[in-house]
Amino acid sequence: MTSTAKRVYISVDIEGITGVVGREQTGQTGKDYERARRAMTGDANAAIAGALAGGAELIVVNDGHGNMQNLILEELNPEAELVIGSPKPLTQMEGIGDGFDLAMFVGYHARMGSAGVLSHTISGNVVANIWVNGRVMGESGINATLAGHFGVPVGLVTGDQCVCAEARDVLGNVKTVAVKQAITRYSARCLNPTKSHGLIQAAAEAAVREASSFSALKVGNPVTFRIQFKDSGMTDSAGRVPGAVKVDPTTLEFTHEDPTVGFKALRSMIGLAAS
Ligand SMILES: [Zn+2]
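(A) The sheet that holds strand β2 (residues 58-63), seen in detail. On the basis of which strands lie adjacent, the open sheet formed by seven strands has the order β3-β2-β1-β4-β7-β8-β9 and mixed pairing. The sheet is open, and its two borders are formed by β3 (80-83) and β9 (187-190), each paired with just one other strand. If you compare each strand with its neighbour and ignore which way they point, the axes differ by 25 degrees on average. Relative to β9, strand β8 (residues 175-184) runs antiparallel, the two being bridged by four bridges. Following the sheet pairing, K180 is matched in β9 by C190. Against the sheet, helix α3 (residues 139-149) touches β4 (102-108) and β7 (154-160), its axis set at about 160 degrees to β4.

Pasting the structure below:
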């Protein structure tokens, strides 16, 4: 016997959206950006429609790409509320502590160093790798750690086949929808949105109905975020964050009981390294 999620949180990125493969789509000055943000809104709407069909009563969508002003509010299903803008304390997971039953990650991408479309971890210019308590993780795993801290399981991840495999590896029982098959980092064989939206909607509905079958990710306590930068100069800049410990010339660690504090330190280190 499973129980239904009433309160559903949907975090949306752009690199794993149906049809998105390149920087002309993901960057706000790109010539194909307007199409990509409409596609992002379309994949999000498919997840919202599924969640509603499954019985969700509150749906909050969080825009999680770039300056976090990509999703088009007036084209989003009116039953969902939208979190937009940046900065926000927990970035792609802002508001996850507000008593949700289930989280979904739509349009996500694989971690830096893996084969997925537009693969990166938080910042493609700065970050080589991130580990959480010794386990290498991409954004899906890091964000699932934050959700897990609040007891919220992740029931659905959508993107290319690489992020789907990555999510299943970290989370175990999770529904995944591959809206494209990565060929290289900048190419993929893509489903038509008519098809991908149907798959996302069906998976979101099933995830909401089966919410109690998913487990919140637990990584142990305290939580150590280890970050490897692309060069030692970035580590020198990032090492100014109080509590950061240098492991080697390109690697820092930050440990805290509360993963939201560790995550904010991680984001601070990345910001300093990029500046
Ligand atoms: Zn992104």
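(B) Seen up close, the state of the cysteines. Applying the stated criterion across every chain yields a total of zero disulfides. C164 takes part in no disulfide bond, and the closest cysteine sulfur, belonging to C162, lies 8.9 Å away. The exposure class assigned to C164 is buried, which follows from its relative accessible area of 2%.

(C) Fine view of unusual backbone geometry. Each neighbour pair has its own omega, and for S86 with P87 the value is 0 degrees, a cis peptide bond. Mapped onto the elements of the fold, P87 is located in the loop between β3 and β4. Note that the residue after N221, namely P222, is joined by a cis bond; omega there is -5 degrees. Mapped onto the elements, P222 comes out in the loop between α5 (193-209) and β10 (223-229). We note that T91 has phi near 45 degrees; this positive angle belongs to a residue other than glycine. With respect to the helices, strands and loops of the structure, T91 is situated in the loop between β3 and β4. Among the residues examined, T91 registers a relative accessible area of 10% and is labelled buried. One non-glycine residue with positive phi stands out, namely L118, at about 55 degrees. For L118, the position within the fold is in the loop between β4 and β5 (127-132).

(D) Local environment of helix α4 (residues 161-171). Turning to α4, its buried residues number three or more, namely C162, V163, C164, E166, A167, V170 and L171. Buried residues belonging to α4 abut β4, β6 (135-136), α3, β7 and β8. Of the residues one or two after α4, G172 is the one with positive phi, at around 75 degrees.

(E) Local environment of the coordination of the zinc ion. Only D13 (OD), E15 (OE), E15 (OE) and H65 (ND1) from the protein reach the zinc ion as donors, at distances of 2.1 to 2.7 Å. One way to put it: the four donor atoms around the zinc ion meet at angles of 52 to 133 degrees, and that makes the site irregular. If you list the donors of the zinc ion from N- to C-terminus, the spacing comes out as D-x1-E-x49-H. One end of the pair, E15, is in the loop between β1 (7-12) and α1 (23-26); the other, H65, is in the loop between β2 and β3, with 50 residues separating them in the sequence. Here E15 matches H65 in class, with each residue buried.

(F) Molecular detail of the nonpolar core. Counting 84 residues, the largest nonpolar core has I10, V61 and M104 as its most contacted members. In terms of residue count, helix α2 (residues 33-54) provides more of this core than any other element does, seven residues in total. Here this core spans two domains, and each of domain 1 (7-213) and domain 2 (223-274) adds at least three residues to it. When residues no more than four places from it in sequence are discounted, the contact partners of M104 are V8, Y9, I10, S11, A47, A51, L156, A204, A207 and V208.

Rules used in this analysis
- Residues numbered from 1 in each chain as written.
- Predicted model: local features only at pLDDT ≥ 70, side-chain atom pairs only at ≥ 80, totals over all residues.
- Heavy atoms only, no water.
- Pairing = 2+ DSSP bridges.
- Helix = DSSP H or I, 4+ residues; strand = E, 2+ residues; numbered from the N terminus.
- Axes fitted to C-alpha atoms, helices over the stretch in contact; angles between N-to-C directions.
- Contact = heavy atoms within 4.5 Å.
- Disulfide = S-S within 2.5 Å.
- Buried < 20%, exposed > 50% of the residue type's maximum accessible area, 1.4 Å probe, protein only.
- Donors = N, O, S within 2.8 Å, 3.2 Å for Na, K, Ca; no water.
- Tetrahedral: all angles 85-135°; square planar, octahedral: opposite > 155°, others 65-115°.
- Core = buried A, V, L, I, M, F, W, Y, C linked by side-chain atoms within 4.5 Å.
- Domains from an automatic or database assignment.

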